[in-house]
Amino acid sequence: MNFNDKVVIVTGSSSGIGAAIAIEFSALGANVCLVGRNQKKLDEVAKKCNNPLVLVADVTQDKDIQRIVNETVRYFGKLDILVNNAGMGSSASIKSETAMAVFDKIMNTNLRSVVYLTHLAAPHIIKTKGNIINISSVLGLRVLMADSFAYNTSKAGLDHFTRSVAAELASDGVRVNSVNPGPVFTDILENSGANEAIQKAIFDKMKQGTALNRISEPSEIADLVIFLASDKARAITGSVYVSDNGYLIKTA
Ligand code: NDP
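Everything numeric here is computed off the predicted structure, so don't read it as measured data.

I would appreciate a short explanation of the sheet that holds strand 3 (residues 53-56) in the present structure.
Consider a sheet: its strands pair through backbone hydrogen bonds, and that pairing is either parallel or antiparallel. The seven strands lie next to each other as 3-2-1-4-5-6-7, forming an open sheet whose pairing is parallel. What marks the edges here is a single partner per strand, and that holds for strand 3 and strand 7 (240-243). Each adjacent strand pair in this sheet contributes to an overall mean axis angle of 15°, direction not counted. As defined by bridge partners, strand 1 (residues 7-11) adjoins strand 2 (residues 31-36) across five bridges and the pair is classed as parallel. The residue of strand 2 that forms the bridge with Val10 is Leu34.

In this structure, what is going on with the environment of Asn38? I would like to understand it.
Along the chain, Asn38 falls in the loop between strand 2 and helix 2 (39-46). On the basis of relative accessibility, which here comes to 33%, the residue Asn38 falls in the partly exposed class. Along the backbone, Asn38 and Ser14 are 24 residues apart, and their C-alpha atoms lie at a distance of 6.8 Å. Within the structure, Asn38 has its side chain in polar contact with the backbone nitrogen of Lys40 (distance 3.1 Å). Only 2.9 Å separates the side chain of Asn38 from the backbone nitrogen of Lys41, close enough to count as a polar contact.

What's the story with the pairing of strand 6 (residues 175-181) in this structure? I'm lost.
Note on strand geometry: in a regular strand, side chains alternate between the two faces of the sheet. For strand 6, the tally of buried residues reaches seven of seven residues, placing the bulk of the element in the interior. Covered by surrounding structure in strand 6 are Arg175, Asn177, Val179 and Pro181 together with Val176, Ser178 and Asn180, the residues of both alternating faces. In this region the chain leaves strand 5 (residues 131-135), passes through helix 5 (residues 149-169) and returns to the parallel neighbour strand 6; the handedness of that crossover is right-handed.

Calculation notes
- Within each chain, residues carry numbers counting from 1 in the order of the written sequence.
- For this predicted model, a pLDDT threshold of at least 70 governs which residues receive local features, and a threshold of 80 or more governs which side-chain atom pairs are given and counted, while totals over whole chains, interfaces and linings are taken from all residues.
- Each side-chain value is derived from all of the structure's non-hydrogen atoms; neither hydrogens nor water enter the calculation.
- In this description, strands pair whenever DSSP reports at least two bridges between them.
- The way it works is that DSSP assigns letters per residue, a run of H or I at least four long becomes a helix, a run of E at least two long becomes a strand, and they are numbered from the N terminus.
- What counts as an axis is a line fitted to C-alpha atoms, over the stretch in contact for a helix, and the angles between N-to-C directions run from 0 to 180 degrees.
- Each residue gets one of three labels from its accessible area relative to the maximum for its type: buried under 20%, exposed over 50%, partly exposed in between, using a 1.4 Å probe on protein chains only.
- Two N or O atoms form a polar contact when they lie within 3.5 Å of each other; inside protein one atom must be a possible hydrogen donor and the other a possible acceptor, and for residues adjacent in sequence the pair counts only when both atoms belong to side chains.
- Handedness of a crossover is defined as follows: orient the strands so they point away from the viewer, and if the path from the first strand over the helix to the second runs clockwise, the crossover is right-handed.

Here it is in C-alpha cells:
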C-alpha cells in the first residue's frame, strides 16, 4: 500500500490520533498538511513527516478553515484525502449553568468544523476522486458516559453527517467513512481539563469496560484510517467503523 503523490489534510495532527495518522500517511509517501493550534507540538510531529505543510489554525474559525483548504491546494496543487480528526471531549451536566456554553463549544469543534471543511474541500476531492474520513467515537453510537451529552451528541451527529455526505458524493466517485474509536491513550482528557488523577481514574475505568481489557494506541486507529483511505476499501462508503477493544460488546 502506498500513497505516493497523494495530498492529505489531517486536522488535529499536533497530538494523539491525528499525529499518528499524519505520520503513517507520510511514511507511506503522502504529502501531508498538519493542522492544529499548538505550533510547538505541530513542529514535533513535523519532524517525523516528510516535508509537511504545517498550518497553525483553529477549526472553530471560518477564516482558518478557508486557509486550511486554500493553502493546501496552493502548496501541493490538489487535495486527495481529508481526515477530520480535530476534536475535544467534555463533561458537563445538562443541569449545569454552563451547559449551553459547553454544547456550543463542542458542537463547533467536533461537528460544525467538519461540515465547513468538507463543504470547502469537496470540490477539490471530487476532482481527484479522493475520499474523506471522519474520526468519531463509540460514544456517538451508545451512551456510555452519563455526563457527556454534548460530546455524545456531536459524535452521533457526525456519524449521520458521514452517511449523508457519502450518499451525496457517491455519484461523484468520492467515498466518505467514519472511524469510531473506543478508549485510546492520548492527551484528550488532559486537553479537556482533567487533572492527572482524574485522567488515570477514567482510563482505568474505560479499560475495565472493554471486553479485551485494553486501551488502544493511536497507531491502531491510524492503521484503520489508512486502510479506509486506500484503494483496498474501494467498495466501502457511508460506513462507521468501530475499533474499541470490544467496549460496545462488553457484557457485565
Ligand atoms: P488529543 O487531545 O490528543 O488531540 C486532539 C487534537 O485536536 C489535537 O491535535 C488538537 O490540536 C486538535 N484540536 C482540538 N481543538 C482544535 C481546534 N479548535 N482547532 C484545531 N485543532 C484542534 O485527542 P485524541 O487524539 O484522542 O482525539 C482525536 C479525535 O479522536 C477526536 O475527534 C476525539 O473525539 C476522537 N476520539 C478519541 C478517543 C480517545 O480515547 N482518545 C476515543 C474516541 C474518539 P491543538 O491542541 O494543537 O489545537
